[in-house]
Every structure is written in structure tokens, then in C-alpha cells.
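Observations on chain architecture
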There are 2 protein chains.
Amino acid sequence: MINFSIKFQSGVPIYEQIIYAVKKAVVSEQLRPGDTFPSVRELSKDLRINPNTAQKVIAHLVREKLLIIKPGIGSVVSELKEATDLQRKDILDTEIEKLVVEAKRLLINKKEVIDAVKSHWNLENEE
Amino acid sequence: MINFSIKFQSGVPIYEQIIYAVKKAVVSEQLRPGDTFPSVRELSKDLRINPNTAQKVIAHLVREKLLIIKPGIGSVVSELKEATDLQRKDILDTEIEKLVVEAKRLLINKKEVIDAVKSHWNLENEE
DNA sequence: TATGGTGTACTATGTTGCATACTACACTTA
DNA sequence: TAAGTGTAGTATGCAACATAGTACACCATA
């Protein structure tokens, strides 16, 4: 009943990798609003991780409003939410600045970066 | 003799913050190739961090080829190096994909993202 | 009503990374 | 020679991560 794929790699925390995989699945519409999401125990069993780690994933996704808890049932994928001012600032200022600094340091062209953004954006179409 | 500025914030490792500050200083030409870089003990004293942490910063920057060790003297800022294939792939694929996924999840427009890239790029001019 | 599945909350252990303190050594410059 | 350089090592305290196991309140369903 897992409707997204993961390939673990060392160095980065398991729970972060799962969270990212879920976000990617939502953005690419492999997971749609209203879809049921695996329970803590199911997630733990299918991915062969500790229940605590699975719980950590779900709690995190609920806090980020990607999931909604249905008591007694499980959790469900929610509608996409508009970013808060703080989230917008973090991405458009902090994160993109990091990206630009790293690109310039490695002598990567502005065009290459922008083309890569466009390319990744169109992989899952829509504006 | 510190020619770059830092304002520490909790949550992210000190040594990472310093490394990023140095990269930013290089990209914005506050630090130029040939400039001398603070020694381990100097960095440790001025930033009031442990010598081990300062050593970790410098070793990391040498490994990334941003600094060159001059034995008995200290270290010096080197010329910018072209990215390796692996570094290019990491930025243009992995990092930008992360950015795009997060932006789409938060319903941020493609135009906003690209404008932010252009904006940050031009803050330190040149192609 | 009873059963089973749900999220949630604990305690505990082992590993790893981060930052600190301190000591020591080989090297080069002045 | 003396002082400064990078480098290496041991040790401590703290926090994050992942694991194991137990327990509880809640709700849906048979």
C-alpha cells in the first residue's frame, strides 16, 4: 500500500529522505489530495524502519500540513497550502542565495542554472 | 585581520556557517585570489571558537580547493575552479530539484523562483 | 459491546556528529 | 634559535538519529 518509491542513501537521515520522497510524490501527483497515507505501523513495516522513525515522519508531515490526521482511521493527503511569509523568505532569499553562491563559486553559468530550474519545473508540468 | 563577516545562528553547525561566509565573501569579491586567509589560531581567537573547529573549517576549504596551504606561512585564497561533473550534477540535478519541489509544494510561481535567482545573481554582478 | 487499528507518549540503548579543552609534533619563516 | 604555521591525537559533554519495547486513549467496524 506504499504509493511512492524510496531508495535510501547513507549520510542523510532516513526520516528526511522519506519526507522528501513524499513531497516529491505530491508535487508529481503520484499522491493526490484525499489519498490515504500509510499508517505508522504500515510505514514502519513496509520500509523496514523503526515505528518511532515512521511516527516522526508522519508527525513532521502533519506539522507541515501535508497530511491530515483522521482519528481512528489514519492520515490523508491534504490540499497544497500557500506558503507563509517566513517560508517564502526562506526559499526565495536564503535557499536561492545558497544555490547562487555555490553555482558562482563553481563557475556555473546563470543560464545553466535557470535552464535547470525550468527543466525540473516542467518534469511535472503545470504552472 | 578577518576580512569577512559572520553572525552565528543556532541550529546549524558553526563550521558550516563559517565555510558559507567564506564562499560568499569569495563570490562577492570581498576575498580575492591571493589574499591571505586567517591562520587556525587567528581564526580561533577572532571568532572565539575552538582551534579544532577552526582547523576543520580550513581543512574543509582546502579540500574544496578554495584555499591553498603555504607551509610555515598560512593559507591563501585560490583562483575559482571549474566544477567537476559530480559537482555540476549535484547542483543542477539534486539541489535544484529540491528547490523546485519545495517551491511547487508551497505554490510559489516559476517566475518568482527564476526572478529570485536572477536577483541574487546580479547582487554581485558579472556572468 | 468487544476487537482491532489508529496516533501518541514514554523509557532505554548505541552510534554518530559537533564543539570544546589540552597536548604534541614537523615544518618554515624571520 | 624562536615564533608561527598546519596537523594529529586523546578526552569530555552534548545533541541528534535510529533502534527496541511498552503502554494508553481514541475511533471504526464487525
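Residues numbered from 1 in each chain as written. Chains lettered and ligands numbered in written order. Predicted model: local features only at pLDDT ≥ 70, side-chain atom pairs only at ≥ 80, totals over all residues. Heavy atoms only, no water.

Re the overall build of chain A
Each helix and strand in chain A was counted, giving 5 helices and 3 strands. Listed by position from the N terminus, the elements making up chain A come as α-β-α-α-β-β-α-α. The principal-axis extents of the C-alpha atoms in chain A amount to approximately 50 × 30 × 25 Å. When each of the 127 residues of chain A is scored for burial, the buried share is 38%. (Helix = DSSP H or I, 4+ residues; strand = E, 2+ residues; numbered from the N terminus. Buried < 20%, exposed > 50% of the residue type's maximum accessible area, 1.4 Å probe, protein only.)

Considering the packing of helix H4 (residues 85-105) of chain A against helix H5 (residues 110-122) of chain B
At their nearest, the axes of H4(A) and H5(B) sit 9 Å apart, and the two run at 50 degrees to each other. The pairing of H4(A) with H5(B) is recorded here as oblique in orientation. Relative to H5(B), the crossing made by H4(A) is right-handed. Touching Arg88(A), Leu92(A), Asp93(A), Ile96(A), Glu97(A), Val100(A), Ala103(A) and Lys104(A) of H4(A) are Glu112(B), Val113(B), Ala116(B), Val117(B), His120(B) and Trp121(B), all from H5(B). Among the residues making up the contact of H4(A) with H5(B), the classes are represented as 8 nonpolar, 1 polar and 5 charged. (Axes fitted to C-alpha atoms, helices over the stretch in contact; angles between N-to-C directions. Parallel < 35°, antiparallel > 145°, perpendicular 65-115°, else oblique. Left-handed = near helix turned anticlockwise from the far one by under 90°. Contact = heavy atoms within 4.5 Å. Nonpolar A, V, L, I, M, F, W, Y, C, P; charged D, E, K, R; others polar.)

Looking at the protein's contact with DNA strand D
Residues in contact with DNA strand D amount to 21 residues; listed here are only the nearest, Pro13(A), Ile14(A), Tyr15(A), Asn52(A) and Val40(B). Residue Arg41(B) places a side-chain N or O atom 3.0 Å away from a base oxygen belonging to DNA strand D. Measuring from a base oxygen of DNA strand D, one finds a side-chain N or O atom of Asn52(B) at 3.4 Å. Looking at the surface near DNA strand D, the elements with two or more residues in it are helix H1 (14-27) and helix H3 (51-63) of chain A together with helix H2 (40-46) and helix H3 (51-63) of chain B. In terms of residue count, the dominant contributor to the surface near DNA strand D is H3(A) (3 residues). In the surface near DNA strand D, the residues fall into 9 nonpolar, 9 polar and 3 charged. (Near = heavy atom within 4 Å. Polar contact = N/O pair within 3.5 Å; in protein donor to acceptor, adjacent residues only side chain to side chain.)

Quick word on the domain arrangement of chain A
As assigned here, chain A comprises domain 1 (14-77) and domain 2 (85-122). The gap between the C-alpha centroids of domain 1 of chain A and domain 2 of chain A is 28 Å. (Domains from an automatic or database assignment.)

Looking at the nonpolar core
Core analysis: the largest hydrophobic core is formed by 28 residues, its most contacted members being Ile96(A), Ile108(A), Val113(A), Ile96(B), Ile108(B) and Val113(B). Of all elements in the fold, only H4 and helix H5 (110-122) of chain A together with helix H4 (85-105) and H5 of chain B reach the threshold of two or more residues within this core. With residues near it in sequence (within four places) discarded, Val113(A) still touches Leu99(A), Ala103(A), Ile108(A), Leu92(B), Ile96(B), Val117(B) and Trp121(B). (Core = buried A, V, L, I, M, F, W, Y, C linked by side-chain atoms within 4.5 Å.)

Some remarks on the packing of aromatic side chains
As enumerated under the stated definition, the model contains 0 aromatic pairs over all chains in all. Above the face of the Tyr15(A) ring, Lys56(A) is positioned so that its terminal group lies 4.2 Å from the ring centre. (Phe/Tyr/Trp six-rings, centres within 6.5 Å; stacked < 30°, edge-to-face > 60°. Lys NZ or Arg CZ within 6 Å of the ring centre and 35° of its normal.)

Remarks on the relation of the copies chain B and chain A
After a rotation of 180 degrees and a shift along the axis of 0.0 Å, chain B superposes on chain A with an RMSD of 0.1 Å. One copy is carried onto the other by what is essentially a two-fold rotation axis. In terms of proximity to the rotation axis, the leading residue of chain B is Ile114(B), whose C-alpha is 3.2 Å off the axis. In this assembly, 100% of the residues forming the interface of chain B have copies in chain A that are likewise at the interface, indicating an isologous arrangement. (Least-squares fit on C-alpha atoms with pLDDT ≥ 70 in both.)

Quick look at the pairing of strand E3 (residues 74-77) of chain B
Residues and elements named next belong to chain B. Where strand E1 (residues 36-37) lies against E3, 2 bridges are found, and the strand directions are antiparallel. Note that in E3 the partner of Thr36 across the bridge is Val76. Pairing of strand E2 (residues 67-70) with E3 involves 4 bridges; the strand directions are antiparallel. Its bridge partner lying in E3, Ile69 is registered against Ser75. Between the end of E2 and the start of E3, which pair antiparallel, lie 3 residues, with Gly72 showing a positive phi angle near 85 degrees. (Pairing = 2+ DSSP bridges.)

Looking at the packing of H4(A) against H4(B)
Helix-helix packing is described using two parameters, namely the angle between the two axes and the distance between the axes. Where H4(A) contacts H4(B), the axes come no closer than 11 Å and their chain directions differ by 170 degrees. With respect to H4(B), the element H4(A) is oriented roughly antiparallel. Contacts between H4(A) and H4(B) involve Gln87(A), Ile91(A), Glu95(A), Ile96(A), Leu99(A), Glu102(A), Ala103(A) and Arg105(A) on the former and, on the latter, Gln87(B), Ile91(B), Glu95(B), Ile96(B), Leu99(B), Glu102(B), Ala103(B) and Arg105(B). Split into classes, the residues belonging to the contact of H4(A) with H4(B) amount to 8 nonpolar, 2 polar and 6 charged.

Examining H4(A)
Relative to the 30 Å expected for 21 residues at 1.5 Å per residue, H4(A) spans 29 Å between its end C-alpha atoms, a close match to the ideal helical length. A bend of about 30 degrees at Ile96(A) is the largest found in H4(A). Every buried residue of H4(A) is listed here: Ile91(A), Leu92(A), Ile96(A), Glu97(A), Leu99(A), Val100(A), Val101(A), Ala103(A), Lys104(A) and Arg105(A). Packing partners of the buried residues in H4(A) comprise H5 of chain A together with helix H1 (14-27), H4 and H5 of chain B. Following H4(A) by one or two positions, Leu107(A) adopts a phi angle in the positive range, close to 55 degrees. (Expected span 1.5 Å × (residues − 1). Bend = angle between axes of the 7 residues up to and from the residue.)

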